[in-house]
Amino acid sequence: MKSIVKHIMLVLALGIIIPSAWAQETAEPENKGFVVDKIISKVDNYIVLKSDLERAYQDYLTNGGSASPQVRCQYLALLIRNKLMMAKAEIDSVVVADADVDQYTQRKMDMIIAQAGVSPDELEERYGKTLEQIRLEIRDQEREQLVVRKMQEEITKGIGVTPAEVKRFYSKIPKDSLPYFSASVEVAQIVKIATVSEEQENLTRAELTGIRNRILSGEDFATLAKKHSDDPSVTSNAGDMGWSGRGRMVPEYEAMAFKLKPNEISMPFKSQFGFHIMQLIERRGNEYHSRHILISPKPSANDIKKATRYLDSLRSRIVSDSIRFQNAAKEYSDDVETKGNGGFFSDGDGGTRLMVDELDPVVFFKLDSMQVGDVSKPITYRTDDGKNAVRILYYKSRFAPHQASLENDWSRIQAATLNEKKDKILQKWFDKARKDVFISIDPTYDNCGILDENQ
């Protein structure tokens, strides 16, 4: 095969999103039967299961792809390449932060529960697994995705495309193969995170001090962590953070770990995540084993009202044309991801035009009551990391459904061009790196030619 994943890269870059296995299963609660599972590839200590391949291929079909043995082979090649990156990451000591893995895991868990539309108990019954078992499986998936992403970034660092390359790429796509995009919009936001008052912080400190006293009086640390901690990993680790080395945790946490004596429990201390109490279990040189309980102080109703009044005043200035929305977003918004872009939401390729089915449902329904050019009144909501906040939305433009074109979809086509270029580099890396590890593939897939010398 000359280009193992060219078609898939085009599908991904042009906005036909292929969801993860868990997301797909949640969206389709009906039991459609299970694949008889077996190992179809080994890459050092990593394996690819037949169910992994079938889920990915089924997701592709569900999202409008055409059935093809070649595409199935392409997905197998991608799965094997990911496992090779995991194996090489171990050899090259490429690691990702546990905190990042936990954050992405929690987001995926929240999405699964929200999409399922059932209680946690019903979700456990549906999958025949406890929430903790589901979380651990997802955590492994998220860790792999983060490691693979980090490896890909290193391998393709500094790669770009010119406008001429984008036009050549587009000209080679058969006109009947160009995707048809649904309606898209340009939407911006200005966010004000509710500032937690000193009174609320003091209440949180007092709550943690009370929990600390209960532990000192003999109550079980793990039980209290599961009941009270806001750390999303608490359901799987009961607050036990395992062994950590210097630089793995936020500075305040690490400093406390090296200040305490073994088995000592700290008084409440503050980090960017909230307030903690920590117990140092053991310390060896520059490594330490700890557990903690985290409580993030919640803003009061008055704190949220202050943020609302702030944005209401800013909105008045925008509506009266004394300041442009984009400038106000850059100067005043608390949302790091959008403020540098004038407040505009962007897709994975940096474009500001989002298909309506990519929008957050809350934003989508709010736009339904707005006209193009409107700036909404302040809306309360919770940020992705769980903070109470208020925002105003600017509905800049709306585009009708259309077939992909250079004029209307430059950023998406540019991303597809870049992905194809990066994939060629990744394929060269695969051809070289596979000599460093053991790879075997079930003979059933010999026709895919994944390990052929001249693909």
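Residues numbered from 1 in each chain as written. Predicted model: local features only at pLDDT ≥ 70, side-chain atom pairs only at ≥ 80, totals over all residues. Heavy atoms only, no water.

**A word on the overall build of the protein chain**
And step 1. Helix and strand counts for the protein chain stand at 17 helices and 13 strands.
And step 2. Over its C-alpha trace the protein chain gives a radius of gyration of 25 Å, about what one expects of a compact globule, namely 23 Å for 455 residues.
And step 3. Across its three principal axes, the protein chain shows a C-alpha extent of roughly 65 × 60 × 45 Å.
And step 4. Within the protein chain, the fraction of its 455 residues that count as buried is 44%.
And step 5. Sequence separation of at least 24 residues holds for 69% of the intrachain contacts in the protein chain that already meet a minimum separation of 6.
And step 6. Roughly 24,200 Å² of accessible area belongs to the protein chain as shown, and the carbon and sulfur atoms make up 50% of that amount. (Helix = DSSP H or I, 4+ residues; strand = E, 2+ residues; numbered from the N terminus. Rg over C-alpha atoms; globule rule 2.2 N^0.38 Å. Buried < 20%, exposed > 50% of the residue type's maximum accessible area, 1.4 Å probe, protein only. Contact = heavy atoms within 4.5 Å. Areas by Shrake-Rupley, 256 points an atom, 1.4 Å probe, with all protein chains shown as cover.)

**Here we look at the pairing of strand E7 (residues 274–284)**
Two faces, one strand: in a regular strand the side chains alternate between the faces of the sheet.
And step 1. Note that strand E6 (residues 269–271) and E7 share 3 bridges and pair antiparallel. Each bridged residue has a counterpart across the sheet, and for Phe269 the counterpart in E7 is His276.
And step 2. Two successive antiparallel strands, E6 and E7, enclose a turn made up of 2 residues.
And step 3. Here 9 bridges tie E7 to strand E8 (residues 287–295), and the two strands are oriented antiparallel to one another. The residue bridging Met278 from the neighbouring strand is His292, located in E8.
And step 4. Joining the antiparallel neighbours E7 and E8 is a turn of 2 residues, in which Gly285 adopts a positive phi near 60°. (Pairing = 2+ DSSP bridges.)

**What about the packing of helix H3 (residues 50–62) against helix H4 (residues 69–91)?**
And step 1. Orientation of H3 relative to H4, taken along the N-to-C sense of each, is 125°, at an axis distance of 9 Å. Judged by the angle between their axes, H3 and H4 are oblique. Remark: the crossing between H3 and H4 carries right-handed chirality. Facing Asp52, Leu53, Glu54, Ala56, Tyr57 and Tyr60 of H3, the residues of H4 in contact are Val71, Arg72, Tyr75, Leu76 and Leu79.
And step 2. Taken together, the residues that form the contact of H3 with H4 break down as 8 nonpolar, no polar and 3 charged. (Axes fitted to C-alpha atoms, helices over the stretch in contact; angles between N-to-C directions. Parallel < 35°, antiparallel > 145°, perpendicular 65-115°, else oblique. Left-handed = near helix turned anticlockwise from the far one by under 90°. Nonpolar A, V, L, I, M, F, W, Y, C, P; charged D, E, K, R; others polar.)

**Details of the pairing of strand E2 (residues 46–49)**
And step 1. Every second residue of E2 is oriented toward a common face, the buried set being Tyr46 and Val48 and the non-buried set Ile47 and Leu49.
And step 2. Relative to E2, strand E1 (residues 39–43) is paired through 4 bridges, and the arrangement is antiparallel. By the bridge assignment, Ser41 is partnered in E2 with Val48.
And step 3. Hairpin connection of E1 to E2: 2 residues between the antiparallel strands, including Asp44 at a positive phi of 55°.

**Details of unusual backbone geometry**
The bulk of non-glycine residues show a negative phi, and the bulk of peptide bonds are trans.
And step 1. Residue Ala238 is not a glycine yet carries a positive backbone phi of 55°.
And step 2. Tracing the backbone shows Ala238 in the loop between helix H11 (234–237) and strand E5 (240–245).
And step 3. Residue classification places Ala238 among the buried positions, given a relative accessible area of 13%.
And step 4. The backbone of Asp321 sits at a positive phi, close to 65°, despite the residue not being glycine.

**Some points on the state of the cysteines**
And step 1. Following the criterion strictly, the structure yields 1 disulfide and no others.
And step 2. Here Cys73 connects covalently by a disulfide to Cys448, the sulfurs 2.0 Å from one another. Its torsion about the S-S bond being -70°, the disulfide of Cys73 and Cys448 is classed as left-handed. Note that Cys73 is positioned in helix H4 and Cys448 in the segment after strand E13 (439–441), a separation of 375 residues in sequence. Assigned by exposure class, Cys73 and Cys448 land together as buried. (Disulfide = S-S within 2.5 Å.)

**Some words on the sheet that holds strand E11 (residues 388–399)**
Hydrogen bonds between backbone groups are what pair the strands of a sheet, and the pairing can be parallel or antiparallel.
And step 1. Spatially, the 4 strands line up as an open sheet ordered E9-E4-E11-E10, and their pairing is antiparallel. Two strands lie at the open edges of the sheet, namely strand E9 (354–355) and strand E10 (379–382), each paired on one side alone.
And step 2. As paired strands, strand E4 (residues 184–193) and E9 are joined by 2 bridges and run antiparallel to one another. Across the sheet, Val185 pairs through a bridge with Leu354, a residue of E9.

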